[in-house]
Amino acid sequence: MLRQVAVSGVGLISALGCDPSSVWSAISNGVSGVTKIGHLPEDVRVRIGAVVGDYPLDLPESESRKYDSFILYAYQAAANAIKDAGLTEADLKTDRCAVLLTSGIGGIRTIQDNQMKLIDSPRRVSPFFIPGSIINLAGGLVASRFGIQGVNFAPVSACASSAHSIALGAMLIETGQADVVLVGGAEAAATDLSISGFASLRALSTKNDDPSRASRPWDKSRDGFVIADGAAVLVLESKEHLEARKRKARGYVVGYGMSSDGYHITQPHPEGTGATLAMKRALAHAQLDHDGIDYVNAHATSTPLGDLSELNALYQVFGQRALKVSSTKSMHGHMLGAAGAYEAAISIMALEHQVVPPTINLDDPESSFGYDLVPHYAQNHSMDYVMSNSFGFGGTNVSLIFQK
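Residues numbered from 1 in each chain as written. Predicted model: local features only at pLDDT ≥ 70, side-chain atom pairs only at ≥ 80, totals over all residues. Heavy atoms only, no water.

Caption draft 1: A look at unusual backbone geometry. Unlike most non-glycine residues, Trp218 shows phi in positive territory, near 70°. With respect to the helices and strands, Trp218 occurs in the loop between α8 (192-200) and β6 (230-238). (Helix = DSSP H or I, 4+ residues; strand = E, 2+ residues; numbered from the N terminus.)

Caption draft 2: Main features of the packing of helix α7 (residues 161-174) against helix α13 (residues 339-353). For the pair α7 and α13, the least separation of the axes is 5 Å and the interaxial angle reads 65°. From α7, Ser162, Ala163 and Ile166 reach across to α13, where they touch Ala339, Gly340, Ala341 and Ala344. Classifying every residue of the contact of α7 with α13 by side-chain character gives five nonpolar, two polar and no charged. (Axes fitted to C-alpha atoms, helices over the stretch in contact; angles between N-to-C directions. Contact = heavy atoms within 4.5 Å. Nonpolar A, V, L, I, M, F, W, Y, C, P; charged D, E, K, R; others polar.)

Caption draft 3: Looking closely at the side chain of Thr110. For Thr110, the position within the fold is in helix α5 (residues 108-120). For Thr110, a relative accessible area of 14% gives the class buried. A polar atom in the side chain of Thr110 sits 2.7 Å from the side chain of Asp68. (Buried < 20%, exposed > 50% of the residue type's maximum accessible area, 1.4 Å probe, protein only. Polar contact = N/O pair within 3.5 Å; in protein donor to acceptor, adjacent residues only side chain to side chain.)

Caption draft 4: Inspection of the pairing of strand β1 (residues 5-14) at higher detail. In terms of residue burial, β1 counts as a mostly covered element, since ten of its ten residues are buried. The pairing of β1 with strand β7 (residues 251-260) spans three bridges and is classified as antiparallel. Residue pairing for β7: Val7 is matched across the bridge by Gly251. Direction of pairing for β1 relative to β6: antiparallel, over a ladder of nine bridges. Counterpart to Ala6 in the pairing with β6 is Glu237. (Pairing = 2+ DSSP bridges.)

Caption draft 5: The pattern of salt bridges, seen in detail. Tallied over the entire structure, the rule returns 17 salt bridges. A network of salt bridges, in which partner residues are shared, links Asp210, Arg213, Arg216, Asp219 and Asp363. (Salt bridge = Lys/Arg side-chain N within 4 Å of Asp/Glu carboxyl O.)

Caption draft 6: Molecular detail of the packing of helix α1 (residues 20-28) against α13. The contact between α1 and α13 brings their axes to 11 Å, and the two run at 80°. As the angle between them shows, α1 and α13 are arranged roughly perpendicular. Along its contact with α1, which presents Pro20, Val23, Trp24 and Ile27, the element α13 presents Tyr342, Ile346, Met349, Ala350 and His353. Residue classes in the contact of α1 with α13 are distributed as eight nonpolar, one polar and no charged. (Parallel < 35°, antiparallel > 145°, perpendicular 65-115°, else oblique.)

Caption draft 7: Highlighting the nonpolar core. In terms of nonpolar packing, the biggest core is built from 71 residues, with Ile166, Ile195, Ile227, Leu234 and Leu236 touching the most fellow members. Counting residues per element, this core draws most heavily on α13, which supplies ten residues. Grouped together as the second largest cluster of nonpolar side chains are 36 residues, Leu72, Cys97, Val99 and Phe146 included. (Core = buried A, V, L, I, M, F, W, Y, C linked by side-chain atoms within 4.5 Å.)

Caption draft 8: Region of the structure containing the sheet that holds strand β12 (residues 385-392). One open sheet accounts for nine strands, arranged β4-β5-β6-β1-β7-β13-β12-β8-β9; its pairing is mixed. In this open sheet, the two strands that pair with only one neighbour each are β4 (97-102) and β9 (324-326). Pairwise comparison of adjacent strand axes, ignoring direction, gives a mean angle of 25° for this sheet.

Caption draft 9: Geometry of the environment of Ser21. Within the element layout of this structure, Ser21 appears in helix α1. With a relative accessible area of 53%, Ser21 lands in the exposed category. Sequence spacing of Ser21 and His381 is 360 residues, and the spatial spacing of their C-alpha atoms is 19 Å.

Caption draft 10: Broad picture of the environment of Phe129. Checked against the element boundaries, Phe129 lands in the loop between α5 and α6 (137-146). Taking C-alpha positions, Phe129 is 13 Å from Ile71, a pair spaced 58 residues apart along the chain.

Caption draft 11: Region of the structure containing the side chain of Asp68. Within the secondary structure, Asp68 is located in the loop between α2 (61-64) and α3 (69-85). Notably, Asp68 is buried but unbridged: the nearest opposite-charge side chain belongs to Arg109, and the N-O separation is 6.0 Å. Apart from the residues lying within four places of it in its own chain, the contact partners of Asp68 are Gly106, Gly107, Ile108, Arg109, Thr110, Gly132 and Ala188. (Lys, Arg positive; Asp, Glu negative; His and termini not counted.)

Caption draft 12: Structural detail: helix α10 (residues 273-286). Taking 1.5 Å of rise per residue, the 14 residues of α10 would be expected to cover 20 Å, and the 20 Å separating its terminal C-alpha atoms lies within 8% of that figure. Of all the residues in α10, the buried ones are Gly274, Ala275, Thr276, Ala278, Met279, Ala282, Leu283 and Ala286. Elements that come into contact with the buried residues of α10 comprise β7, α11 (304-318), β12 and β13 (396-403). (Expected span 1.5 Å × (residues − 1).)

Caption draft 13: Here's a closer look at the packing of aromatic side chains. Counted by the stated rule, this structure contains five aromatic pairs. Ring geometry for Tyr55 against Tyr73: centres 5.4 Å apart, planes inclined by 70°, an arrangement best described as edge-to-face. Highlighted residues: Tyr55 in the loop between β3 (48-49) and α2 and Tyr73 in helix α3, separated in sequence by 18 residues. On the basis of relative accessible area, Tyr73 is assigned to the buried category, the value being 8%. (Phe/Tyr/Trp six-rings, centres within 6.5 Å; stacked < 30°, edge-to-face > 60°.)

Below, the structure written as structure tokens:
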């Protein structure tokens, strides 16, 4: 029999705040974290994003300077999640605790900086270049600092990466291979190199003069996603382990489904066939009918093709029924490999507060398929189950279901 998977802690680092209460206050009030990015060279075409400001970092400077920002974001989010869950040293320093922290892109700023050093002289390349930039070092740093001895790896699947980490972490607990798993992801890709790469793909919004309104999922005037930096880490824990510690769950992971489009390396299937399969698998795993879901936190990134593809997929799963669907990326932008975990945290907080977050900037929907896309303002709503979707380049799809 599969064990129940509780969410016992949440840690966040983002443009909207670095603790759950601050982030929830911003999200529930429709606040945008998108601003102009000041450090970009003048000829970079896209100049907006949701970037992290000052945040508390529980590492000495002599240690922190070795690592790319995404690793530091992941470490601090993990430390905050551990504190939120009330985990002790005995809970962490064991082979029954695991770490699945990831990123979609990893240490691109560190790579970029060391490439410039290489042009000057190979001897200038930092000895910390490799360990300070590779994706699995987010989990590696956390494991080494907290003495975690269980499973430790990074599932990498572009913008679905941290959603995969949640699904795989839940699987470890369900099957008895771990009692506690730190899951999530981090991203620090708002650099001139990655922004220029996404801009060349025509994937980014070019609304440089109106940053807070640039991310506008499903709106007719949407023209691409807004890049975001940050991290989100959840503590997953078996219900038995949580109850033995006399702690309460923030929510439960009750379903997950994964699939591949098998269609195109960057474009989603126009009919959303892979996303449909992921959602149906998540419902089957949760033993729920489609009418059991009260709200969907959509992947919708504000791209012309992706938003409609997901609506098509939702229609294939839910048909014509009263369903609330929103995209919080309208406020926090697209955190790439960290997006799935960040939106999972928002989904859990929505269940805790019984409030559906809004889709801001949705002035003129291209299509809604009859669903309530929760434009502009949050809505009070009775919820027991929430679905959160994450899709990535390569046609990879993850759907997660959380229970109150």
